[in-house]
Amino acid sequence: MLTAVLGLGQIGLVAAIALGWAAKKFAVDVDERETKIRAILPGANCGGCGFPSCSSYASAVSAGTAPINLCRSGGSAVVENIAHIMRMKVETSTAQIAVVLCQGDDRKATLKYHYLGLHDCNAANQIAGGPKLCPSGCLGLGSCVAVCAFSAIAITAHGLAVVNRERCTGCGKCVAICPRHVIRLAPATATIHVLCNSHDKGGVVRTYCKVGCIGCGLCRKAVPSAYVLDRFLAHIDYSHAALAVLAADAIAICPNQCIVDFTKNYPDDRLLHPLPAIPDRPALVTDDEKAQR
Amino acid sequence: MTYKSFTGGIPLVDSKLVDSKLATRGAAVEPCPIPDQLIIPMSQHIGVPAQPIVTVGDLVLKGQTIAQAGAFISVPIHATTSGRVIAVEPRLHSLGKDLLAVVIEADGEDRWDPDLTELKSAQWTPDTLRQRIREAGIVGMGGACFPTHVKLAPADNKPIETLLINGSECEPFLTADHRLMLEQAEKVVDGIDILRQALAVKQVIVGIEANKKDAIARMKQLVVGRDIAVKILAVKYPQGAEQVLVDALLERQVPSGGLPMDLGVVIHNVATAAAVSDAVRFGHPLIERVVTVSGPGITTAKNLLVRIGTPMQKLVDFCDGPRGEISKIIMGGVMTGQSQISLEAPVIYGTLALLLFGANDLPQQDAGPCIRCGRCVAVCPLHLLPATIADYAMLGRFDMAQAYHVMDCMECGCCTYLCPAFRPLVQTLRYAKAGILAQQGRS
């Protein structure tokens, strides 16, 4: 009996000393700022910052190798919090969201051929330059929908990608995947856009689309401060937020109805399939919460 | 009698598709009338597009060079009839895009350029023959259009020992090479002789599929005493693909990522051999080819001798127009051809055939999920795993697709043809290949 107690006690003592020494010797220095930043980040692992996950971005920020304002999904609140943790100043930047610069769905744009293959815009675009006659319009096969981590893009019943402005975080994944570069990031405050991406001359645009920008320049004549004309394609000058409001004055002038105000029920809600639910993600548990448990 | 063959592929014996050749196999080649306007694209071959050297208003003669080769892997392009250049501008190409082309208005006289002359056999050396073949703009006539002179210029460390001549014509509907071997066998055999001298090889084997009995008999008759072997191949698709032909005739495997040249083997098509004979004997460049016009959607199926640059509409008109409403136009064979968006595009070097189908001839089915039956694996003549590669491609894992040798895929279409879930496997593999090439271009 006594031998057993003493024996076990001795083993316990040796193990305790060994573990104690090992804990000191092999301790990993975790920057506590990294843990805090990881807790603040959205946890969607969208990749918009250029890092494979929120956690790797957090460690890069705490190591000082990444700027603090890369998380576009988290918005300004996250950037401010990271700045506070890192004791840095916030450089203000406006939030951006994605806009699909095309209105040419199957009722308005002419098809080149009937496509039957793989349901992927990049694959379709390799076949004779895509099934649409327009070389720069939305193909509507949903490669952008597949990459969106926030379920913020849908394809309408007539085959056109549309961004949900509440859900979009401006991470830019759809911009990168689109083979036709028809999705752009624009300031979230801008609600008026020229929805066309074709740099072709007016006569050519008319052959394949009823709602394409023909580069007539009437919008620029009407509101010179808000519109820019670049190679037969008008777009809003987003650099002056205050001036962009004036762009509304040109909406009625545009002969092809390319200029659209998103606040005026665009697109027609009846055309939209209901957006898929945002998948549940396990909430991140902070160290404080762990301690409480 | 057992025929030479390979593992995998689709045996077309007892298949509906074998009968597809019946429509035109007995039809003698007819010359297609020269249209008023010929549209000659500058990119008809694999490699760098040719550079036009004529301008609008120039008068050209048949066979005159109108575009210079853009690089070593490129060929010059010639006027296919005499007339006046009326435009040098992008025109609809069979790839479905507008690409640079020279448009010639025919003067109806069809006069040869008098400077084109024979290369006397006293002057034949591998160098002069290669030079002549390059000047004549000859490319592989089997569909891929790889410049022939490049295949006649082996690297110093890879001596060529065997010349294989491909007369298999394994694709359904096509009978152009079959008719050529029957009607112009002398020219084909003469071309084979010239190619053999250009390569300085001993062993020459002609492979012909067993469904062309008359062509085999004719060729066997002509090669007597010439040290050329004629071997009979099993009727199986894709018997005519380079790697497969090496496997069937020589029982050797082309290494992954390699070419038959790595085994000391060079392969040329029978139609290429005929074109080589024309170029050397008469100085005539490549300006025409035999095209099979067939399919359930054509009124009279024919084999036509067509000038390069003839709009496909002219071929259909000459074959008494379409039968019923047309829902699909394929330039080339049904397995490897290119769907067309219109009949305006011109015939190019790679136009093996023009096939028309009505709406009911092509049952269409939506793609379903893979059921893991493994038929694509069993049928792949290159022993790849198409379904696995396709899965990786759709996940964006091009690195893994490459590790599974997607770059070796020759896009024969056997996997897609047999897939019971109707998955577009070839398109997915092509998508992966394009993705890998884009990644390599970036890095």
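A quick note: this is a predicted structure, and the numbers were derived from the prediction, not measured. (Residues numbered from 1 in each chain as written. Chains lettered and ligands numbered in written order. Predicted model: local features only at pLDDT ≥ 70, side-chain atom pairs only at ≥ 80, totals over all residues. Heavy atoms only, no water.)

## Side note on the overall build of chain B
A tally of regular secondary structure across chain B gives 15 helices and 19 strands. In terms of overall size, chain B behaves like a compact globule, its C-alpha atoms giving a radius of gyration of 21 Å where 443 residues would be expected to give roughly 22 Å. Dimensions of chain B along its principal axes, counting C-alpha atoms only, are 65 × 50 × 50 Å. Across the 443 residues that make up chain B, the buried fraction comes to 54%. Partitioning the contacts of chain B with sequence separation of at least 6, the portion at a separation of at least 24 is 73%. When the accessible area of chain B is evaluated, it comes to approximately 18700 Å², of which 53% is carbon and sulfur surface. (Helix = DSSP H or I, 4+ residues; strand = E, 2+ residues; numbered from the N terminus. Rg over C-alpha atoms; globule rule 2.2 N^0.38 Å. Buried < 20%, exposed > 50% of the residue type's maximum accessible area, 1.4 Å probe, protein only. Contact = heavy atoms within 4.5 Å. Areas by Shrake-Rupley, 256 points an atom, 1.4 Å probe, with all protein chains shown as cover.)

## Overview of the overall build of chain A
The helix and strand inventory of chain A stands at 11 helices and eight strands. Out of the 293 residues belonging to chain A, those deemed buried represent 40%. Partitioning the intrachain contacts of chain A with sequence separation of at least 6 by distance along the chain shows that 60% fall at a separation of at least 24. Split by element, the accessible area of chain A, about 16400 Å² in all, is 59% carbon and sulfur.

## Topic: the pattern of salt bridges
Residue and element names in this part refer to chain B. Inspection of every chain in the model, using the stated rule, returns 26 salt bridges over all chains. Put simply, Glu-186 and Arg-218 hold a salt bridge, and the shortest N to O gap is 2.6 Å. Within this pair, whereas Glu-186 is found in helix H6 (residues 185-199), its partner Arg-218 is found in helix H7 (residues 213-222), the two being separated by 32 residues in sequence. Since its relative accessible area comes to 43%, Glu-186 is described here as partly exposed. Relative accessible area serves as the criterion here: at 22%, Arg-218 is assigned to the partly exposed category. Two residues, Asp-399 and Arg-397, come together in a salt bridge whose shortest N-O distance is 3.1 Å. In this structure Asp-399 comes out as partly exposed when scored by relative accessible area, which is 43%. Residue Arg-397 is classed as partly exposed on the basis of its relative accessible area of 38%. (Salt bridge = Lys/Arg side-chain N within 4 Å of Asp/Glu carboxyl O.)

## Remarks on the interface of chain B and chain A
The partner chain A presents 14 residues to the 12 residues of chain B that form the contact. Taken together, both faces of the contact between chain B and chain A bury some 1000 Å²; the carbon and sulfur share is 63%. The largest share of the area that chain B buries against chain A comes from Ile341(B), Gln427(B) and Tyr431(B), three residues that together contribute 50% of it. Our count for the chain B to chain A interface comes out at zero salt bridges. Here chain B is connected to chain A by three residue pairs in polar contact (both at pLDDT 80 or more). (Buried area = accessible area lost by both parts, 1.4 Å probe. Polar contact = N/O pair within 3.5 Å; in protein donor to acceptor, adjacent residues only side chain to side chain.)

## Notes on empty space enclosed by the protein
By rolling a water-sized probe across the atoms, one finds the places where empty space is left. Residues and elements named next belong to chain A. Applying the stated criterion across every chain yields a total of seven cavities of 30 Å³ or more. Each pocket or cavity is described by its volume, and for the largest cavity that value is around 130 Å³. Surrounding the largest cavity, 18 residues form its lining, Cys-46, Cys-49, Cys-54, Cys-71 and Ser-73 being those nearest its centre. (1 Å grid on protein atoms, 1.4 Å probe; cavity = no way out; pocket = protein on both sides within 12 Å on 5 of 7 lines; lining within 4 Å. Points joined across faces, edges and corners; volume = space filled by probe spheres on them.)

## A word on a nonpolar patch on the surface
A surface patch of nonpolar side chains, amounting to about 250 Å² of accessible area, comprises Ile46(B), Phe72(B) and Ile73(B). Structurally, the position occupied by Ile73(B) is in the loop between strand E6 (65-68) and strand E7 (77-78). (Patch = residues over 30% accessible without salt bridge, like charges linked within 9 Å, V, L, I, M, F, W, Y side chains within 5 Å.)

## A few points about the sheet that holds strand E17 (residues 326-331) of chain B
All names here are of chain B. The strand order across the open sheet formed by six strands is E2-E16-E15-E19-E17-E18, and the pairing between neighbours is mixed. Two strands lie at the open edges of the sheet, namely strand E2 (30-31) and strand E18 (338-339), each paired on one side alone. Bridge count between E17 and E18: two bridges; the pairing is antiparallel. Directly across from Met-331, in E18, lies its bridge partner Gln-338. (Pairing = 2+ DSSP bridges.)

## Things to note about the packing of helix H2 (residues 32-40) of chain A against helix H4 (residues 75-85) of chain A
All names here are of chain A. Axis separation between H2 and H4 bottoms out at 10 Å; the angle between their running directions is 170°. Between H2 and H4, the crossing angle belongs to the class labelled roughly antiparallel. Of the residues in H4, those in contact with Arg-33, Lys-36, Ile-37 and Ile-40 of H2 are Val-78, Asn-81, Ile-82 and Ile-85. (Axes fitted to C-alpha atoms, helices over the stretch in contact; angles between N-to-C directions. Parallel < 35°, antiparallel > 145°, perpendicular 65-115°, else oblique.)

## Here we look at the nonpolar core
Residue and element names in this part refer to chain B. Ile-66, Ile-192 and Met-219 are the most contacted members of the largest nonpolar core, which totals 72 residues. Of the domains in this structure, domain 1 (130-282) and domain 2 (375-439) are the two that each give at least three residues to this core. Here Ile-66 is in contact with Ile-40, Met-42, Gln-51, Pro-52, Ile-53, Val-54, Val-60, Ile-77, His-78, Ala-79, Val-102 and Ile-104, once residues within four sequence places are set aside. (Core = buried A, V, L, I, M, F, W, Y, C linked by side-chain atoms within 4.5 Å. Domains from an automatic or database assignment.)

## Looking at the packing of aromatic side chains
Here the distance between the centres and the angle between the planes together describe a pair of aromatic rings. Within this structure, the stated rule accounts for five aromatic pairs over all chains. Summarising the aromatic geometry, the rings of Trp21(A) and Phe26(A) are spaced 6.2 Å apart at their centres and angled 80° between planes, so their arrangement reads as edge-to-face. The exposure class of Trp21(A) is exposed, given its relative accessible area of 54%. The interplanar angle of 40° and the centroid separation of 5.6 Å between the aromatic rings of Phe51(A) and Tyr57(A) together place this pair among those described as tilted. For Phe51(A), a relative accessible area of 25% gives the class partly exposed. The positively charged end of Lys236(B) is found above the aromatic ring belonging to Phe6(B), 4.6 Å away from the centroid. The aromatic ring of Phe318(B) is capped on one face by Lys302(B), whose charged end is 4.4 Å from the ring centroid. (Phe/Tyr/Trp six-rings, centres within 6.5 Å; stacked < 30°, edge-to-face > 60°. Lys NZ or Arg CZ within 6 Å of the ring centre and 35° of its normal.)

## Looking at the domain arrangement of chain A
Residues and elements named next belong to chain A. Domain boundaries assigned for chain A yield domain 1 (32-86) and domain 2 (96-272). On a C-alpha basis, the centres of domain 1 and domain 2 stand 31 Å from each other. Listed as interface residues are five residues of domain 1 and, on the opposing side, seven residues of domain 2. The largest per-residue losses of area from domain 1 upon contact with domain 2 belong to Cys-46, Arg-72 and Ser-73, which jointly make up 75% of the total buried on that side. Linking domain 1 with domain 2 are zero salt bridges, by the criterion used here. Joining domain 1 to domain 2, the criterion identifies two residue pairs in polar contact (both at pLDDT 80 or more). Of the residues that constitute the side of domain 1 that touches domain 2, the class distribution is two nonpolar, two polar and one charged. (Nonpolar A, V, L, I, M, F, W, Y, C, P; charged D, E, K, R; others polar.)

## With respect to the side chain of Arg132(B)
Residue and element names in this part refer to chain B. Checked against the element boundaries, Arg-132 lands in helix H3 (residues 126-135). Comment: no salt bridge for buried Arg-132; closest opposite-charge side chain is Glu-135, at 4.3 Å. Reaching out from Arg-132, the side chain makes a polar contact with the backbone oxygen of Ala-279 at a distance of 2.9 Å. (Lys, Arg positive; Asp, Glu negative; His and termini not counted.)

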